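Examination of the molecular architecture
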Amino acid sequence: MTNNNNNNNTTDKQQGRSGRWERLISNSNSGSGDSSSSSSSSSSRSSSSNETLVWPSNASLYLGAVFPIHATVPSPNAGLDVCTHIQGPEGIQPLEMMLYTLDEINGRTDLLPGVTLGALVLDSCDHPSMALNHSLRFIKGYLSGQHQHHEPEFKCKDGSSPTFLGGQYDRVVGVIGGQKSSVSTQMASVLRVIQLPQISYLSTSASLSNDDRYPYFLRTVPSDTAQAQAILSIMREMGWKYASVVYSEGEYGEDGYRELSRKAPQYGVCLASPGLALAPQHSDYFYEKVVDELIKVDASVVVVFAVRTVAMKLLHTVQKRNLHSRFVWLGSDGWSYTDPMNLENVTEGALALLPLAKKVPGFDEYFTKLTPQTNTRNLWFQEYWTWRQNTPTTVKSEYQQQLWLHFVRDAVYAYAWALHSIWKEECGGQEGVCEGMVHGGIIDGHLHGQHLFTHLINLSFKDGNNETFRFGEDRSGPPRYTIFNYQRNDNNSFTWRQVGTYNNAASGEARKDKLTLAKDELQWKSQQSFPVSSCTDQCLPGQAKIPIRDSCCWRCENCQANQFVNNTSHLCQKCNDECMISSPDKMSCVFKQEKYIDYRNSWAITSLAFASLGIFSTVLVGVIFWVNLDTPVIKASSRELSYILLGGVAFSFSMSFIIVAPPAPLTCGLTRFFMGFSYTLCYAAILTKINRIARIFNRNPDSKSKSHKTKYTSPQSQVVIVLVLVSVEVVVNVCWLVLYPPKTKYLCDRHPNHRILICEGLEDYSYIVGFVYPLILVALCTLYAIKTRKCPGGFNEARYIAFTNYTTCLIWLIFVPLYMSTGSSDDIRIATLALSLSLGGFVQLGCLFFPKVYVVLFKPEKNTRDAVMNTNRNSTYILDDTFPNPLSGGPFGKTVPPTTHSTPAMYYVNAGCEKPWPRQKESPPPPHQNNNNHQNGQDIVDHFYNSTIHPPMNTTTDSR
């Protein structure tokens, strides 16, 4: 290392300010041996791109730098990318900013006293491969230093230690650059090997924040993560919900698109899929296809996250298609705030970002005074000056300070303050480089990169605008951006006008975004308002978003009653339970409103009114029977069986109150038990009654048996028979209730907004179980009614019983299909069941009791024993005076005068009460024969009549 004491360092600073510097010209392919310096650059661009600027030659420490001094274009002859024209704004300006800042630092006494910082600058030609080749020089210099100051492994022929290009590379403590993210990526991959810190001033790729892959990389510019958030914040502020994305191939564009896609949902923005990737080398036809895709997507806003060459070529293609007003361009920092070069009409209205655009005070005055004669330290300035002089005015642009140059200044100052922190820590106030700062001695020692990097990530200093600068957690600069709008001026010229700022206090946290946008100062296409860019409808609360085209585009659709809007997918989702419907806001499911038939229902009121009338009628009939209990008509009707029958009828009417009651296990159980029980009680009594008539009148009067009285015809016997018949139904119902306990259930598919509460089994065939046994009794009653249809009128109820059975069957033939019909509402079904039971009760009252009540109340002359024990025939008989009246007091009866009327004819049962007493015309039968026949018929009638009396009369009738 060149000998530098404290005094010499101060002198070097003065010499640097007066113009002492040296240009070291070397070839990138030179080996590890010595190289000589030169004072002039090569005239060819290829050779000048391989030159190295070293200033000053005797600096204490050097900062390496890689700038895109020249541009690169594909060579059709060589098939490779070659360096071409010089780049003023992108190459010369950042180089001069570095030299200008070093002049400022070396002139300060409060920063690195006694230490001169120098620059070792390489040209990347704005290409990753060239930058990679130049980065290898830093490795060669590092190996040379390792050999010289640690473990010597090589020796020259003369015995001296080998050095690389004069030893300046060994004194490089850190590197500034590159500009593009693709260049910085290549450099960082190499520099990590020798632990050399690298600070980029314009590389924004988010992948460079990966400290595992690039552990010694820092940048003064914010990363694309913050830039993506800034772009999305602008879209949200402008109300743009949908946009296409065009990005350039490479680290910068691909990482930017990835961050946009990842963050877009957080801002309510939809990006057309997929993004469209472009590269500078793509053909015009390829760019045409991309424009066609942009038109097809039908998004007004296009985010262009690309380098400048790609953006300009895309705008040129759009201009050729005459689509000046078709798109609103939202640009990244890769191409914004640059002259669109005859593309002003298509670029007008564009919004673009720059990382905190601001000018460095004093630099304009410094740069505009530079000439080839005064700026001999910049070996590329002569070429730049020649290019400016030879370029037509219509092509070249007048000097304008790049608004990102302050990031170069911040990078230089970051190294300076980090070195100053080490100096304060190790040197204890001693001017110049001390032994604690370097390894291997003050003269020949070198600084370890890891030591410097530790101080870099912890530093904090005031920048040119007196704002605090520090590296963030992602080792990037503060996420601050300036927003520009490309506007037409009054004189029809165009300019980028600042219209807002963006600041994120904590990079990566969208909730801390701070966007300031002067909307009243925005312009788009001659004062027109900005177009709307959306592929979605504004859905009302509770409407689903049905995807169309891209996954984030949708149309609105109402959900059905049993669906709700899923908060995650925003689609209609069916409720898990069919008894649930969507809530009023359609965001969840709630149970349907419970509904059941109760006493307030119109059908229930009708059923109960009908049943109440039936109960009143039943009670009235019972009272009439009780008052006239000892009259012949009531006696002949079997009083005990009649009261049992009235009880069954009363049960039938009372069931309506249970059936229409609010469903509960108790009411459901009572319904199932008494519904069939009431019918069983009625028809058990009817069957017993008509069976007794059949047994009495079907007995053969000519039988020789002494015990010819019919058994089990007493009231007590009849009641026991009824109880036996009813017990069968009781056993069936009890078993039914035990095996299938009563409970309620909901019917949820009958009504869209209600769930119907019913007794379980009411909706299917199971309730028919209770009616099977009563139907058997009805069938037997009908059979016996046919057999006893010709018995004496006072005892013959066959016609009424038959009519009762027929009507009951008709009612149930109508009821069962109606009850089982799935189209009927449950209110109608329950009311139908109640009305059917009530109708059955009215039929039994009307057919079996009302005729007797009518006789008792309105025909008392027929309420006699004679009328009850006679029958009126429809046919007409001529009775002579010899026809005996069996009810007369004589041995052969009383002689009836001959007349024409309905003949009283007493039937005895011989094959079913079908043989009338014989009528005599010529002469009376022998006394002994007539007396026997009349006496037998009289005994049958008396037996039946007496068996209905309780307590039994003093007769010889068997009362068992």
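Residues numbered from 1 in each chain as written. Predicted model: local features only at pLDDT ≥ 70, side-chain atom pairs only at ≥ 80, totals over all residues. Heavy atoms only, no water.

**Here's the deal with the pattern of salt bridges**
Condition: By definition, a salt bridge exists where a carboxyl oxygen of Asp or Glu is found within 4 Å of a side-chain nitrogen of Lys or Arg. The way it works is that DSSP assigns letters per residue, a run of H or I at least four long becomes a helix, a run of E at least two long becomes a strand, and they are numbered from the N terminus. Each residue gets one of three labels from its accessible area relative to the maximum for its type: buried under 20%, exposed over 50%, partly exposed in between, using a 1.4 Å probe on protein chains only.
Overall, the coordinates contain 18 salt bridges when judged by the stated rule. A salt bridge links Glu293 to Lys296; the nearest nitrogen and oxygen atoms lie 3.5 Å apart. Taken as a pair, Glu293 and Lys296 lie in helix H8 (residues 284-297) at a separation of three residues, close to a single helical turn. With a relative accessible area of 34%, Glu293 lands in the partly exposed category.

**Focus: the UniProt feature "transmembrane region" (unreviewed entry) in the protein**
The test is simple: UniProt positions are given in the numbering used here, feature names are shortened, and annotations may be inferred rather than shown by experiment.
When the UniProt feature table is mapped onto this chain numbering, "transmembrane region" (unreviewed entry) sits at residues 603-629, 641-661, 673-690, 719-739, 765-786, 798-820 and 832-855. Secondary structure content for residues 673-690 is 100% helix and 0% strand, while the C-alpha to C-alpha distance between its ends is 26 Å. Note that residues 719-739 is 100% helix and 0% strand, and that its end C-alpha atoms are spaced 30 Å apart.

**Observations concerning the confidence of the model for the protein**
Applied cut-off: Per residue, pLDDT captures the predictor's confidence, and it can take any value from 0 to 100. Contact criterion: two residues are considered in contact whenever any of their non-hydrogen atoms come within 4.5 Å of each other.
In the predicted model, the protein carries a mean pLDDT of 77, and the fraction of residues at 70 or more is 76%. Segment residues 1-47: pLDDT under 50, and 113 contacts once partners within four positions in sequence are set aside and those in other chains are kept. Long-range and interchain partners of residues 926-935, a stretch whose pLDDT sits below 50, account for 10 contacts in this model, where long-range means more than four residues apart.

**Focus: helix H9 (residues 308-320)**
Convention followed: How far a helix is expected to stretch is found by multiplying one less than its residue total by 1.5 Å.
Here H9 contains 13 residues, and its C-alpha end-to-end distance of 18 Å stays within 8% of the 18 Å for a straight helix at 1.5 Å per residue. Those residues of H9 not exposed but buried are Val310, Ala311, Met312, Leu314, Leu315, Thr317 and Val318. Packed against the buried residues of H9 are strand S10 (242-248), strand S12 (276-278), H8, strand S13 (301-305), strand S14 (328-331) and helix H10 (344-347). Looking one or two places after H9, you find Asn322, whose phi comes out positive at around 60 degrees.

**Notes on the state of the cysteines**
Where we set the bar: Cysteine sulfur atoms are paired as a disulfide whenever they come within 2.5 Å of each other.
Overall, the coordinates contain seven disulfides when judged by the stated rule. The residue that forms a disulfide with Cys427 is Cys434, at a sulfur-sulfur distance of 1.8 Å. Given an S-S torsion of about -85 degrees, the disulfide between Cys427 and Cys434 has left-handed geometry. An identical accessibility class is assigned to Cys427 and Cys434; each is buried. Across a sulfur-sulfur distance of 1.9 Å, Cys575 and Cys589 are joined as a disulfide pair. Because the torsion about its S-S bond is -85 degrees, the bridge between Cys575 and Cys589 counts as left-handed. Note that Cys575 is positioned in the loop between strand S24 (572-574) and strand S25 (580-582) and Cys589 in strand S26 (residues 589-591), a separation of 14 residues in sequence.

**Focus: the packing of aromatic side chains**
Defined as follows: Two rings belonging to Phe, Tyr or Trp (six-membered ring only in the last case) form a pair when the distance between their centres is within 6.5 Å. Interplanar angles under 30 degrees mark stacking, angles over 60 mark edge-to-face geometry, and anything in between is tilted.
The final tally for this structure, using the stated rule, is 34 aromatic pairs. Relative to Tyr201, the ring of Phe67 lies with its centre 5.6 Å away and its plane at 50 degrees, an arrangement referred to as tilted. Here Phe67, found in strand S3 (residues 61-67), pairs with Tyr201, found in the loop between strand S8 (198-200) and strand S9 (217-219); they are 134 residues apart in sequence, far enough to count as distant. Exposure class is identical for Phe67 and Tyr201. Each is buried. An angle of 55 degrees between the planes, with centres 5.8 Å apart, marks the rings of Trp240 and Phe530 as tilted. In this pair, Trp240 is assigned in the loop between helix H6 (224-238) and S10 and Phe530 in the loop between strand S20 (513-517) and strand S21 (543-547), connecting sequence segments 290 residues apart. Taking relative accessible area as the criterion, Trp240 reaches 2% and is therefore assigned buried.

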